[in-house]
Amino acid sequence: MKWVKKIFYIVIAIVIMSTCVNMFLAPHNIAAGGLTGLAIILEEWLGVNRSVIIYIGNGLVLVATFFFLGREVFFNTVIGAALLPVFIGFMPRVMLVSDTMLSMVIGSAAFGLAVAILYGNNASSGGTAVPPLILKKYFNISPSIGLFFTDGIVVLLCLLVFDLDSFFYAILSIFITSVVMSYIENGASKKKMVYIISHFHEVITQDILQNIGRGVTLIPSTGAFDKHQKPMLLVTLDKKDYQKLLAIVDNHDKEAFMITDTVSDVHGKGFTYESGSV
C-alpha cells in the first residue's frame, strides 16, 4: 500500500511537470533550467524532439543515481525518469496563457510544487533534479539551493538560442520554482517559539497546558537590573495557537515580557509523532 501511494504521488508530479513544460513554459521559449529546459533549447537549436533528449539525458542520470543515491532512490527515479518523456511526448503542446509573464509565474510555481512532491517521496524525474539530491546527501545543501545552481547552468545556454527576454524570464522562473520548493520544504511546517517572563508564570503555565495542550519548559533567569530570579517559560506551538497564547498571557499579566521567534522545523513529542500526553 505504501508503494502504491508513493507511485501515485510520483505520477501526479510528473503530470504537473509535463503540463508546465508543454503548456506554460515551452510555448513562450522559457527554458527554466533542468533537463526539460535543456530539451527545449536543443529542440529549437537542433530540431530533435524534446522527449528524445529527455530519454537520453535521463539514461545517463540513472547511472549516477544508482551509484550515489542507492537502490531505493534509483527505483523511484526510474519511474519518474521513464514517465516524464512519455507525458512530455503525448501532452498537447498548446499555449494556455498568452501573457508571457503570467504563464511563466503559473508554470514555475506549479513546477516547483511538482519537484517538491517528488523530493518528498525520495524520488525525482531524473535530469538535473538528481544532482541536488546528491548535494543534499553528501554536503547537506538544501535541494532548492542545489536546483537553483544546477539549473543556472542550463539557463545560460538560453543566450545561445533565444533572445535576452527569454533568458531573464528563465532566471525569474528558476527563482520562483526555488521559492515555492523552499516554502513547501520548510514554510508549511513552521512553528512559533515563545519566551515568556512574568511574575504570574504558574497560572500562565497551567492555562497553556490545559487550553493549548502544549508543554512548557521552565528556564531559570535572573534580571540584570534588579537581580531578581524568576523562571522564564519556553513554549513551542503551532502558528494557529499563537493568538490563544497571547490571550492567555495578556489575561494574567499585561506587562509580561515576551520574545517570539519563528522556527522551520520541530522534532519530538506532539510534533513529529503523536503521544497520549503532552
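These numbers come from a predicted model, not from an experiment.

Student: I keep staring at the overall build of the chain and nothing clicks. Help me out?
Tutor: Along the backbone of the chain there are 10 helices and four strands. Relative to the compact-globule value of 19 Å for 278 residues, the chain shows a C-alpha radius of gyration of 24 Å, a clear excess of over 25%. With the principal axes as the frame, the chain shows a C-alpha extent of 75 × 40 × 30 Å. Each of the 278 residues in the chain was classed as buried or not, and the buried ones make up 44%. Here the chain displays about 14,900 Å² of accessible surface, and carbon together with sulfur accounts for 65% of that area.

Student: Explanation requested: the sheet that holds strand E2 (residues 216–222) in the structure shown.
Tutor: Hydrogen bonds between backbone atoms are what pair the strands of a sheet, whose relative direction is either parallel or antiparallel. One open sheet accounts for four strands, arranged E2-E3-E1-E4; its pairing is antiparallel. Of all the strands in the sheet, just E2 and strand E4 (257–263) have a single pairing partner and so form its edges. This sheet shows a mean twist of 25 degrees between the axes of neighbouring strands, independent of strand direction. Across seven bridges, the pairing between strand E1 (residues 191–197) and E4 is antiparallel. Bridge pairing in E4 places Tyr195 opposite Ile259. Helix H9 (residues 201–212) rests against E1, E2 and strand E3 (229–238) of the sheet, and its axis sits at about 15 degrees to E3. On the sheet, helix H10 (residues 242–252) packs against E1, E3 and E4 and is oriented at approximately 10 degrees with respect to E1.

Student: Would you mind showing me how to read the environment of Val235 here?
Tutor: Considering the arrangement of structural elements, one finds Val235 in strand E3. Residues Val235 and Ala114, spaced 121 residues apart in sequence, show a C-alpha to C-alpha distance of 34 Å. For Val235, the contacting residues outside a window of four places in its chain are Lys192, Met193, Val194, Ile196, Ile208, Arg214, Gly215 and Val216.

Student: I would appreciate a short explanation of the environment of Ile56 in the present structure.
Tutor: Mapped onto the secondary structure, Ile56 falls in helix H3 (residues 50–90). According to the relative accessible area criterion, Ile56 is exposed, its value standing at 57%.

Student: Before we go on, may I ask you to explain the pattern of salt bridges in this structure?
Tutor: Applying the stated rule across the entire model yields seven salt bridges. The salt bridge partner of Asp238 is Lys191, with a shortest N-O separation of 2.6 Å. Of this pair, Asp238 sits in strand E3 while Lys191 is found in strand E1, placing the two residues 47 residues apart along the sequence. Across the pair, Lys191 and Asp238 agree in class, each one buried. Across the pair Asp241 and Lys244 runs a salt bridge, and its minimum N-O distance is 3.7 Å. Judged by its relative accessible area of 45%, Lys244 falls in the partly exposed class.

Student: In this structure, what is going on with H3? I would like to understand it.
Tutor: Think of an α-helix as turning once every 3.6 residues; residues three or four places apart then point the same way. Relative to the 60 Å expected for 41 residues at 1.5 Å per residue, H3 spans just 11 Å between its end C-alpha atoms, considerably shorter than the ideal helical length. At Gly70, H3 is bent by approximately 140 degrees, the largest bend along its length.

Student: Which parts of the structure should I look at to understand helix H4 (residues 100–120)?
Tutor: Spanning 21 residues, H4 covers 30 Å between terminal C-alpha atoms, matching the ideal 30 Å at 1.5 Å per step. Inspection of H4 places Ser103, Met104, Gly107, Ser108, Phe111, Gly112, Ala114, Val115, Ala116, Leu118 and Tyr119 among the buried residues, and these make up the whole buried set. Between the side-chain oxygen of the N-cap and the backbone nitrogen of Met101 there are 3.3 Å, and the N-cap of H4 in question is Asp99. Once H4 finishes, Asn122 follows within two positions and takes phi at roughly 55 degrees, a positive value.

Student: Is there a simple way to think about the side chain of His28 in this case?
Tutor: Mapped onto the elements of the fold, His28 is located in the loop between helix H1 (2–25) and helix H2 (34–46). A relative accessible area of 10% means that His28 is categorised as buried. In this view, His28 contacts Met95, Val97, Ser98, Asp99, Thr100, Ser103 and Ser166; residues no more than four positions away in its chain are not counted.

Student: Mind showing me how you'd approach unusual backbone geometry here?
Tutor: Phi is mostly negative for residues that are not glycine, and the peptide bonds are mostly trans. A positive phi angle is found at Asn29, which is not glycine, with a value near 55 degrees. On the secondary structure map, Asn29 appears in the loop between H1 and H2.

Conventions used here
Residues numbered from 1 in each chain as written. Predicted model: local features only at pLDDT ≥ 70, side-chain atom pairs only at ≥ 80, totals over all residues. Heavy atoms only, no water. Helix = DSSP H or I, 4+ residues; strand = E, 2+ residues; numbered from the N terminus. Rg over C-alpha atoms; globule rule 2.2 N^0.38 Å. Buried < 20%, exposed > 50% of the residue type's maximum accessible area, 1.4 Å probe, protein only. Areas by Shrake-Rupley, 256 points an atom, 1.4 Å probe, with all protein chains shown as cover. Pairing = 2+ DSSP bridges. Axes fitted to C-alpha atoms, helices over the stretch in contact; angles between N-to-C directions. Contact = heavy atoms within 4.5 Å. Salt bridge = Lys/Arg side-chain N within 4 Å of Asp/Glu carboxyl O. Expected span 1.5 Å × (residues − 1). Bend = angle between axes of the 7 residues up to and from the residue. Polar contact = N/O pair within 3.5 Å; in protein donor to acceptor, adjacent residues only side chain to side chain.

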